[in-house]
Amino acid sequence: MKVSRLHNKRSPAVCGRGRPQDSRQGCGATIPIMAIQFQVEATRGAGRAGRLVTPHGEIETPVFMPVGTLASVKGVPQDVLEELGVQILLGNTYHLYLRPGVEQVRQLGGLHSFMAWRRAILTDSGGFQVFSLSELRKVTEDGVTFRSHLDGSSHFLSPESAMDAQIGLGADIIMAFDECTEYPAEPARVRESMEMTLRWAERSKRYFEEHEHEVPWERQYRVPSTECRESAPGSRRDNRRDAGATQQQIPRFARNDKRRARNDQPVNPDATQALFGIVQGGMDVELRQQSVERTVEIGFPGYAIGGLSVGEPRAVTREIVEATLEHLPADKPRYLMGVGTPEEIAEYATLGIDMMDCVLPTRAARHGLLFTSEGKISIKQARYAGDDGPLDPNCACTVCTRYSRAYLRHLYASKEVLAQVLNTVHNLSFYLDTMRRVRHSIALGDRASFLSGVRSAPKP
RNA sequence: GCACAGGUGCGUGAGCCUGACUGAAACGGACCGGCUGUAACCCGGUUUCCCCUAGUGGGGCGCGGAGGUUCAAAUCCUCCCCUGUGCA
C-alpha cells in the first residue's frame, strides 16, 4: 500500500499497455532513478517500526536478515525461506567473487536471477573478511590482498573493486568497503582503522555513483511493477496460460522464461541499488560519534554499525550500539551488523535498530543448538533421545508442529542432512517470529505503551 | 590332528621385523561444551588406569594368559588359551 503511493508519485499511470522493451523507458522515462525509500511508521520509546522499499520488494522493519553467504542460506531452499517470511537475504561479496565469480553471476542476470530469489538482497562488501580472514590477508591504504582460502591464490579487494563486484552481483543494498577493526585494539590503531574506513567510504561512494547504472537487472528482469500489471491484464502470463502449456510441456528455455515471469514480487525497473555506509570506531564512544558524523557527512541512504560482536563483552556491545544510535539520523535505516541472539535482536530493535543479520541461527542450527521460547536447547544431548514432545511447544513452525525432539536428536546424531535443514528452518522461524513480535509491539506505538500501564486495557 | 594368519584402550586399528621418545598413533562411537556482517555438516574437551603431590613432578599396574631374556618388552623367547582360514 505504501509502495503504491510511492509509485504513483513517481510513475504516473503511463505504464500500462504496449510497454516498450526497455523498462527504463517504459515506466520510468520521466522518472529519476530511485534507490531506496524508508519511512518510520510507528515508534515506541526508541524503537521504530518502519518500511523499507527496495527494488525487489518492501521490507517491514525492524527486520532480521538471514545470511546466505554463498548465495544460499545453508540447508534451506528459497521457497521455504519465502514461506518463513524472509524479506531480505544477505550475500557475501568476497565469497561470491571467489566462487562462482562476479562476472559469472552478472552474466546470469545478477544474484536474484542466479539464485532464484525474487525478494531483496543485501551484500556485504568483504569488509568482515578483512577481520575474519586476518591470517590470510594484508591491508594497505589501497585495499586488501587476500590469499584465497580455497586455493591459495591471491586477490585484491579495494573500495572500488568491492563496489564493482557488488554492482555486478546486483543486490538491492550494498555495503561500503570497510575495515572491521579487531578487538581488542590499541586506541591509536582503532582511530587509524576508523579513519581508513572513512576514506574507503568516500571512495566507495564515488565509485558507486559513477557505476551504479551497471546493475545487471534491467536486461534480465522484465516483470512489470504492480501497477503496470494491474493495468495490463493481457500480460505474458495470461498468454501462456491461454496456450495451455503445462510445466512439463514447455521447453526448457521457455520454462525459464515462465519462471521469471512468475515472479510476482515486482522489480521496480526505475530503481537501482542503494549503498550503505558503515560506522566503525571500536569500543570508543567518542570515536563512534566521530565516525557517525563523518560518515553521515559523506551521505548514504542508510547506515550500518559495524565492528561489533567481535569478541567484546555483551555489555560493551550494547553500550556502543546505544551511543552510536544516538547520533545516527532518524530518517535513515540503521543496520546493526552481525548481531545476535534472539534476546539481543529483540533488545536492539527496541533501541532503534532497523536491520540486523547474524549467522548464529543458521550456524548454531547446523551444530545442534536450537533457540526456543524456553531458552536454548542442545538437541545433541542424550536426554532428548526419548523425548517425543515438540522442540518448542510455543512455536508454530513446520518443524515444531510436526517432529519430536527425539526425532530431531536422532537426525542430528545420525548426521542426516535433514537435521541441518529442520534445525535451520526452526531457528530462522524463531528469529523471524521474534522480530515480528517486536515489530508488532512497536507498531502499537507509544499509545500502546501508555495503555500497557493500565491493567485491563480493553482491546480496540 | 597339522599348517598358516591373528588376539592392543568403548569400536576399528597403527606400533611388533629394527626393545628405550607409548598410558599407547589415527579414525570412529558415546557423552559434554562452544558457536554473533560464515575459511564453520565446524571447533574444543572427556571417554584413555590407579596412588602420592598445592603444583612441577614421582610411583605402580597395563597391549589374550603364564613364565623367561634384558638396565629397559605391546615389541624378543617358551608354553598355554581363544578366533579365522586352508589341508587332512
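Everything numeric in this text was worked out from a predicted model, so none of it was measured.

Colleague: Would you mind going over helix 9 (residues 187–211) with me for this structure?
Modeller: Because the α-helix completes a turn every 3.6 residues, residues three or four places apart line up on one side. With 25 residues, helix 9 ought to run about 36 Å at 1.5 Å a step, and its terminal C-alpha atoms sit 36 Å apart, in line with that. For helix 9, the full list of buried residues reads Val 190, Arg 191, Ser 193, Met 194, Thr 197, Leu 198, Trp 200, Ala 201, Ser 204, Tyr 207 and Phe 208. The secondary structure elements touched by the buried residues of helix 9 are helix 8 (159–169), strand 11 (274–279) and helix 14 (285–298).

Colleague: So what exactly am I meant to see when it comes to the pairing of strand 11 here?
Modeller: On a regular strand, each side chain points to the face opposite its neighbour's, so the side chains alternate between the two faces of the sheet. Within strand 11, 6 of the 6 residues are buried, which leaves it mostly tucked inside the rest of the structure. A two-sided burial pattern is seen for strand 11, the buried positions comprising Ala 274, Phe 276 and Ile 278 on one face and Leu 275, Gly 277 and Val 279 on the other. Where strand 10 (residues 173–175) meets strand 11, 3 bridges bridge the pair, whose relative direction is parallel. Of the residues in strand 11, the one forming a bridge with Ile 173 is Ala 274. Running through helix 14, the crossover from strand 11 to the neighbouring parallel element strand 12 (residues 303–305) is right-handed.

Colleague: So what exactly am I meant to see when it comes to the sheet that holds strand 9 (residues 154–157) here?
Modeller: Within a sheet, each strand pairs with its neighbour through backbone hydrogen bonds, oriented either parallel or antiparallel. A sheet is described by the order of its strands in space; here 3 strands give the open sequence 7-8-9, paired in antiparallel fashion. This sheet does not close on itself; its edge strands, each paired only once, are strand 7 (137–139) and strand 9. Mean inter-strand twist for the sheet, computed between neighbouring axes without regard to direction, equals 15 degrees.

Colleague: Looking at this structure, how should I read the protein's contact with RNA strand B?
Modeller: As a structural note, the neighbourhood of RNA strand B is formed by 48 residues, with His 149, Cys 180, Ser 309, Gly 338 and Val 359 the closest of them. Only strand 5 (88–92), helix 7 (127–132), strand 14 (355–358) and helix 17 (360–366) provide two or more residues apiece to the surface near RNA strand B. Classifying every residue of the surface near RNA strand B gives 18 nonpolar, 19 polar and 11 charged.

Colleague: Help me understand helix 19 (residues 417–443), please; the structure alone is not making it clear to me.
Modeller: Spanning 27 residues, helix 19 covers 39 Å between terminal C-alpha atoms, matching the ideal 39 Å at 1.5 Å per step. Looking at the residues trailing helix 19, positive phi occurs at Gly 445, about 80 degrees.

Colleague: I tried to follow the sheet that holds strand 12 on my own but got confused; where do I start?
Modeller: Pairing in this open sheet of 8 strands is parallel, and the strands run 4-14-13-12-11-10-6-5 from one edge to the other. Lying at the two open borders of the sheet, with one neighbouring strand each, are strand 4 (63–66) and strand 5. Geometrically, the sheet is characterised by an average inter-axis angle of 25 degrees between neighbouring strands, direction not taken into account.

Colleague: Honestly, the pairing of strand 9 in this entry has me stumped. Any pointers?
Modeller: Two strands pair when backbone bridges link them, and strand 8 (residues 144–147) and strand 9 are joined in this way by 4 bridges, in the antiparallel orientation. Opposite Arg 147, over in strand 9, you have Ser 154 as the bridge partner. Hairpin connection from strand 8 to strand 9: 6 residues lie between these consecutive antiparallel strands, with Gly 152 at a positive phi of about 80 degrees.

Colleague: For this particular structure, what's the right way to read the nonpolar core?
Modeller: A general tendency of soluble globular proteins is for nonpolar side chains to be buried together. Grouped together as the largest cluster of nonpolar side chains are 111 residues, with contacts concentrated most on Met 65, Phe 276, Ala 304, Leu 336, Ile 345 and Met 356. Sorting elements by how many residues they give to this core places helix 19 first, with 10 residues. In this structure, Ala 304 is in contact with Met 175, Phe 276, Ile 278, Val 279, Tyr 335 and Met 337, ignoring residues within four places of it in sequence.

Colleague: Explain the packing of helix 14 against helix 15 (residues 314–325) to me, please; I cannot follow it from the model alone.
Modeller: Packed helices, taken two at a time, are described by their axes: the angle between them and the distance between them. Taken N-terminus to C-terminus, the directions of helix 14 and helix 15 make an angle of 40 degrees; their axes are 9 Å apart at the nearest point. For the crossing formed where helix 14 meets helix 15, the hand is right-handed. Here Val 285, Arg 288 and Val 292 of helix 14 come into contact with helix 15, specifically with Ile 320, Ala 323 and Thr 324. Residues belonging to the contact of helix 14 with helix 15 are distributed by class as follows: 4 nonpolar, 1 polar and 1 charged.

About the thresholds
- Residues numbered from 1 in each chain as written.
- Chains lettered and ligands numbered in written order.
- Predicted model: local features only at pLDDT ≥ 70, side-chain atom pairs only at ≥ 80, totals over all residues.
- Helix = DSSP H or I, 4+ residues; strand = E, 2+ residues; numbered from the N terminus.
- Expected span 1.5 Å × (residues − 1).
- Buried ≥ 20, exposed ≤ 12 C-beta atoms within 10 Å, placed from the backbone.
- Contact = placed C-beta atoms within 7 Å.
- Pairing = 2+ DSSP bridges.
- Right-handed = clockwise from strand over helix to strand, strands pointing away.
- Axes fitted to C-alpha atoms, helices over the stretch in contact; angles between N-to-C directions.
- Near = placed C-beta within 6 Å.
- Nonpolar A, V, L, I, M, F, W, Y, C, P; charged D, E, K, R; others polar.
- Core = buried A, V, L, I, M, F, W, Y, C linked by C-beta atoms within 7 Å.
- Left-handed = near helix turned anticlockwise from the far one by under 90°.

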